[in-house]
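The lines below spell out each chain.
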Amino acid sequence: MLRLIKNWRGLLPALLCAATLFASTPAQAQQAAVAPEVSIRSVDSIALQGATAILDLTLSIRNTGGLALPLQKLRFQIQFNGLDVAQGVSTAPVTIAAQQQAQVPVQVEVNSATLLSLIATLPSDGTVRYVIQGTAEIGQTMLQIPFSHSGAVRLILQ
């Protein structure tokens, strides 16, 4: 019985966040849910396949809020060095505890010609500037919170 109680205590923050979001109006839920910080942690591989290329990325998602963040889906667009490169969706649900982060692997398709023009202008260290923006779908509420982040990442060419 004690083990069951310990498990419920671990679920309590997530249940409180869910209860807050379900009981709230959309405007209140928007205030309760803080936008996650979504960044590209790494480009793990690039595979050219005819007219398209597949990029394996790892996204880093940080919850800056005070409650657990139950992410259902991320929809995002990526630019490398100012070029629109890809759009993607991550549908693997993940709950991120307050002030914690999670790593989420995703695959995106890119037009090979766009990727080749980007590769032709790469500096010797392979680093590109990126912008990732999109929406995070929170819990079962279908609430979509916008996010945007810019940074630099190294492209690994194989």
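### Looking at the side chain of Asn63
Alright, step 1. For Asn63, the location among the structural elements is in the loop between β2 (52-62) and β3 (69-80).
Alright, step 2. A residue is classified by how much of its surface remains accessible, and Asn63, at 1% relative accessible area, is buried.
Alright, step 3. A polar atom in the side chain of Asn63 sits 2.8 Å from the backbone nitrogen of Gly65.
Alright, step 4. A polar contact of 3.3 Å, which involves the side chain of Asn63, links it to the backbone oxygen of Ala97.
Alright, step 5. Contacts of Asn63, omitting those with residues within four sequence positions, involve Ala68, Leu69, Ile96, Ala97, Ala98, Gln99 and Gln100.

### Here's the deal with the confidence of the model for the protein chain
Alright, step 1. In this model, the protein chain carries a mean pLDDT of 81, and residues with pLDDT of at least 70 account for 78%.
Alright, step 2. Mean pLDDT values for the elements of the protein chain range from 43 in helix α2 (residues 26-32) up to 95 in strand β7 (residues 127-138).
Alright, step 3. Counting contacts from residues 1-32, a segment whose pLDDT is below 50, to residues more than four positions away or on other chains yields 22 contacts.

### Considering the pairing of strand β8 (residues 143-154)
Consecutive side chains of a regular strand alternate in pointing toward one face of the sheet and then the other.
Alright, step 1. Pairing analysis gives 12 bridges linking β7 to β8, with the strands arranged antiparallel. Counted as the bridge partner of Gly134 is Phe147 from β8.
Alright, step 2. The antiparallel hairpin formed by β7 and β8 contains 4 residues in its connecting segment, where Gly139 sits at a positive phi of about 50 degrees.

### Focus: the pairing of β2
Alright, step 1. Most of β2 is tucked away, with 8 of its 11 residues classed as buried.
Alright, step 2. Bridge count for strand β1 (residues 37-49) against β2 is 11 bridges, and the pairing is antiparallel. In the strand pairing of β2, Ser39 is matched with Ser60.
Alright, step 3. Once β1 ends, the chain turns through 2 residues before running back antiparallel as β2, passing Gly50 with a positive phi of about 70 degrees.

### Section: helix α3 (residues 112-120)
Alright, step 1. Every buried residue of α3 is listed here: Ser112, Leu115 and Leu118. Projected onto a plane normal to the axis of α3, the buried residues spread over an arc of 125 degrees and lie on a single side. Away from the buried face of α3 by more than 90 degrees, exposed residues Ala113 and Ala120 are located.
Alright, step 2. On its buried face, α3 is in contact with β1, β2, β3, β4 (83-90), β6 (101-111) and β7.
Alright, step 3. Regarding α3, its N-cap is Asn111, as a side-chain oxygen of that residue lies 2.8 Å from the backbone nitrogen of Ala113 further along.

Quick notes on the rules
Residues numbered from 1 in each chain as written. Predicted model: local features only at pLDDT ≥ 70, side-chain atom pairs only at ≥ 80, totals over all residues. Heavy atoms only, no water. Helix = DSSP H or I, 4+ residues; strand = E, 2+ residues; numbered from the N terminus. Buried < 20%, exposed > 50% of the residue type's maximum accessible area, 1.4 Å probe, protein only. Polar contact = N/O pair within 3.5 Å; in protein donor to acceptor, adjacent residues only side chain to side chain. Contact = heavy atoms within 4.5 Å. pLDDT = per-residue confidence, 0-100. Pairing = 2+ DSSP bridges. Arc of directions from axis to C-beta.

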